[in-house]
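Fold and contact review
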Amino acid sequence: MRPIIAGLFTSLDGVVEAPEKWQSPYFDNEMGQEMGQAMAEADALLLGRRTYETYAQAWPNAEGPVADFMNGVPKFVVSTTLESVGWQNSTLIKGDPGVEIAELKRRPGRSILVNGSATLLRSLVRYGLLDELRLMVCPVVVGEGRRLFDGWNAQVPVKLVRSQRFGTGVLALDYRIRREAEHSA
């Protein structure tokens, strides 16, 4: 079964909203390599509506290896409000997201990457479909903004499977989501 791997920038105080406003000073070659590795492992993107709309405006007119990946990879968009998706290689998930995404995981292929899309990410955790959470923790306190698990009221056991400190002070932390069978044994 294909893994779903989510990648997010987060501030030291847990803000994930609008990272383009605060993570840029920390972006360097190490972060670029980290993101490149995630793209090399994936052959599909899973996006929420807001992230899809942002990406669909930015990437079709961009050039370079990241743009080639973003434009060429199959994109699956979860939304209750969109009627259609026009960005190339995009498919709107119309039915029950839990059922549709579980089916997507069963298809052959490499990992499915989730970028941003905090609301979708929380839903994936609720459905038991998220396999790994990769955080890039930037050494900045933002103060205001949506946090990844705002309003969350349940414990989710995770296991740290990798950590790396970049020269800018960013911490790359990869957590595997532990399933019931894993942490009750």
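The rules behind the values
Residues numbered from 1 in each chain as written. Predicted model: local features only at pLDDT ≥ 70, side-chain atom pairs only at ≥ 80, totals over all residues. Heavy atoms only, no water. Salt bridge = Lys/Arg side-chain N within 4 Å of Asp/Glu carboxyl O. Helix = DSSP H or I, 4+ residues; strand = E, 2+ residues; numbered from the N terminus. Buried < 20%, exposed > 50% of the residue type's maximum accessible area, 1.4 Å probe, protein only. Pairing = 2+ DSSP bridges. Axes fitted to C-alpha atoms, helices over the stretch in contact; angles between N-to-C directions. Contact = heavy atoms within 4.5 Å.

Comments concerning the pattern of salt bridges
- Enumeration according to the criterion identifies 10 salt bridges in this entry.
- In this structure, glutamate 103 engages arginine 106 in a salt bridge whose closest nitrogen and oxygen atoms are separated by 3.5 Å. Of this pair, glutamate 103 and arginine 106 are both found in helix H4 (residues 97-106), 3 residues apart, which corresponds to roughly one turn of the helix.
- With a closest N to O distance of 3.8 Å, arginine 134 and aspartate 174 form a salt bridge. A residue pair is termed long-range when its members are at least 10 positions apart, and arginine 134 in strand S6 (residues 132-138) and aspartate 174 in strand S8 (residues 171-177) qualify at 40 residues.
- Here arginine 134 falls in the buried class, since its relative accessible area comes to 18%.
- Overall, aspartate 174 belongs to the buried group, its relative accessible area being 5%.
- Taken together, the shared-partner salt bridges connect Glu34, Glu41, Glu132, Arg134, Arg162 and Asp174 into one network.

Side note on the sheet that holds strand S7 (residues 158-165)
- Taking strand neighbours across the sheet as the criterion, the 8 strands line up as S4-S3-S2-S5-S1-S6-S8-S7 in an open arrangement whose pairing is mixed. The sheet is open, and its two edges are formed by strand S4 (90-93) and S7, each paired on a single side. For this sheet the average axis-to-axis angle between neighbouring strands, irrespective of direction, equals 25°.
- Here S7 runs beside S8; their pairing, made up of 7 bridges, is antiparallel. Opposite glutamine 164, over in S8, you have alanine 172 as the bridge partner.
- Contacts between helix H2 (residues 49-58) and the sheet are confined to strand S2 (42-48), strand S3 (75-78), S4 and strand S5 (111-115), with S2 contributing the most and set at about 115° to the helix.

Remarks on helix H5 (residues 118-127)
- For H5, the full list of buried residues reads Ala118, Leu120, Leu121, Arg122, Leu124 and Val125.
- On its buried side, H5 packs onto strand S1 (4-11), S2, S3, H4, S5 and S6.
- Glycine 128, located one to two residues past H5, shows a positive phi value of around 75°.

A look at the environment of valine 77
- Within the secondary structure, valine 77 sits in strand S3.
- For valine 77, a relative accessible area of 0% corresponds to the buried category.
- Look past the residues within four positions of valine 77 in its chain and what remains in contact with it is Leu47, Gly48, Tyr52, Leu82, Val85, Thr91, Leu92 and Ile93.

Everything listed here is a matter of coordinates, which is why it stays silent on function.
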